[in-house]
Amino acid sequence: MLVRAITAPGLRRWCRGRRGAAAACFPLGRALLGVRGAEAAVFLQGLLTNDVTQLVAAGDAPPALYAHALNVQGRCLYDVILYRLHRSTAEEPHILLECDSSVLDSIQKHLKLYKIRRKVTISPCPELSLWAVIPGEQPGDASSLPKSADQALLLTPDPRTEVMGWRLIAKKGANLSEIIPGSQVGDVQDYHRHRYKQGIPEGVKDLPPGVALPLESNLAFMNGISFTKGCYIGQELTARTHHMGVIRKRLLPVRFPAPLPGPGLPEGAEILTESGKPAGKFRAGGGEVGIALLRLAHAHEPLCVNLGGDRVRLSASTPQWWPKAAAK
């Protein structure tokens with residue numbers, strides 16, 4: 001597989017831009033799928049919410065895009081991040097698709113169902129590893145050049161929001177301290193806690209297939225949808241909701257007074273107001289933080305949930321990275 005290696009000067013500039021902070025690199029259990037061929041972008045364009053043709057446009061094409069694949073009812077099937085691995089329009093389009101590893105087989109079947117006779121090859125990439133890179137606060141050595149830049153295929157800002165740092169795609173077994181000098185390998189649970197604090201959904205637990213709605217899941221806030229690209233599967237309901245401008249529920253970060261005991265709160269547990277009115281449903285979490293789909297009318301009220309016969313309090317917040325108008 002021919003891929004684009006990030007250059008040593010590019011890594012040096014990135015390290016300098018971190019102002020000496022040591023980055024934490026988190027190994028992600030997400031899968032990578034290669035979609036390659038002359039019609040790769042056109043093929044994906046009809047299946048995803050974002051404008052995939054940007055990845056093959058001439059000029060300053062983005063290195064990564066966030067998107068959802070929807071079912072015909074307009075509900076999320078898969079959340080994906082797309083990466084551009086070809087360097088110019090003169091090369092054959094080569095797009096890497098990141099998805100939840102538990103749905104790798106089903107997303108391959110989904111893509112092949114719509115492939116028909118398009119000039120596209122679809123294949124998993126088990127030889128690659130995916131990392132989230134979150135800048136830290138501790139001083140790190142950013143002056144030395146990486147000794148194994150050929151181990152890194154792509155290092156790009158997370159396309160969802162700046163607070164999620166960077167995405168790194170490397171060869172399996174790559175030495176992260178050589179690719180990003182001064183970096184440290186972190187516990188992936190810390191990455192998920194960071195996500196939940198920022199209200200960022202990722203994977204089937206946060207976005208249950210056939211259940212989650214893209215706009216309630218803040219897809220527009222995370223640069224994951226184009227309202228001008230034209231038709232794609234599930235577009236009708238999404239476009240109608242957008243143009244009506246009425247979204248009564250959204251995914252929000254929630255916090256408990258202390259880490260929950262044992263297995264924690266079951267997915268889909270009902271969240272109530274103090275007076276007992278339904279306020280929403282818990283999606284997933286870890287420790288004292290999580291993410292929940294809440295009615296905006298009750299989002300800033302005192303909330304509670306029943307756990308083992310006890311009433312446990314929790315509170316929701318509006319992420320600071322949201323557009324200011326949305327936070328009102």
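Structure shown above.
Every value quoted in this text rests on a predicted model; they were computed, and no experiment measured them. (Residues numbered from 1 in each chain as written. Predicted model: local features only at pLDDT ≥ 70, side-chain atom pairs only at ≥ 80, totals over all residues. Heavy atoms only, no water.)

(A) Up close: the sheet that holds strand β3 (residues 64-70). Read across the sheet, 5 strands follow the order β3-β4-β5-β2-β6 without closing on themselves; strand pairing throughout is antiparallel. If you trace the sheet from one side to the other, it starts and ends with β3 and β6 (121-124), each paired once. This sheet shows a mean twist of 30 degrees between the axes of neighbouring strands, independent of strand direction. For β3 and strand β4 (residues 76-84), the ladder comprises 7 bridges, and the chain directions are antiparallel. (Pairing = 2+ DSSP bridges. Helix = DSSP H or I, 4+ residues; strand = E, 2+ residues; numbered from the N terminus. Axes fitted to C-alpha atoms, helices over the stretch in contact; angles between N-to-C directions.)

(B) Focus on the nonpolar core. Core analysis: the largest hydrophobic core is formed by 56 residues, its most contacted members being Y83, L96, I169, F256, L265, I271 and L294. Of all the elements, strand β14 (residues 289-295) adds the most residues to this core, at 5 residues. Residues from two domains meet in this core; each of domain 1 (23-198) and domain 2 (215-316) gives at least three. The residues touching Y83, leaving out its near neighbours within four places in the chain, are P63, A64, H94, I95, L96, E98, L130, L154, T156, R167 and I169. (Core = buried A, V, L, I, M, F, W, Y, C linked by side-chain atoms within 4.5 Å. Buried < 20%, exposed > 50% of the residue type's maximum accessible area, 1.4 Å probe, protein only. Domains from an automatic or database assignment. Contact = heavy atoms within 4.5 Å.)

(C) Highlighting the packing of aromatic side chains. In the structure shown here, the tally under the stated rule is 3 aromatic pairs. Ring centres of F26 and Y191 lie 6.0 Å apart, and the angle between their planes is 40 degrees; this geometry places the pair in the tilted category. Of the two residues, F26 sits in strand β1 (residues 21-27) while Y191 sits in helix α5 (residues 188-198), which places them 165 residues apart along the sequence. Assessed through its relative accessible area of 0%, Y191 is described here as buried. Cation over ring: R160 sits above Y66, and NZ or CZ is 5.9 Å from the ring centre. Taking the ring centre of W322 as reference, the NZ or CZ of R250 above it sits at 5.9 Å. (Phe/Tyr/Trp six-rings, centres within 6.5 Å; stacked < 30°, edge-to-face > 60°. Lys NZ or Arg CZ within 6 Å of the ring centre and 35° of its normal.)

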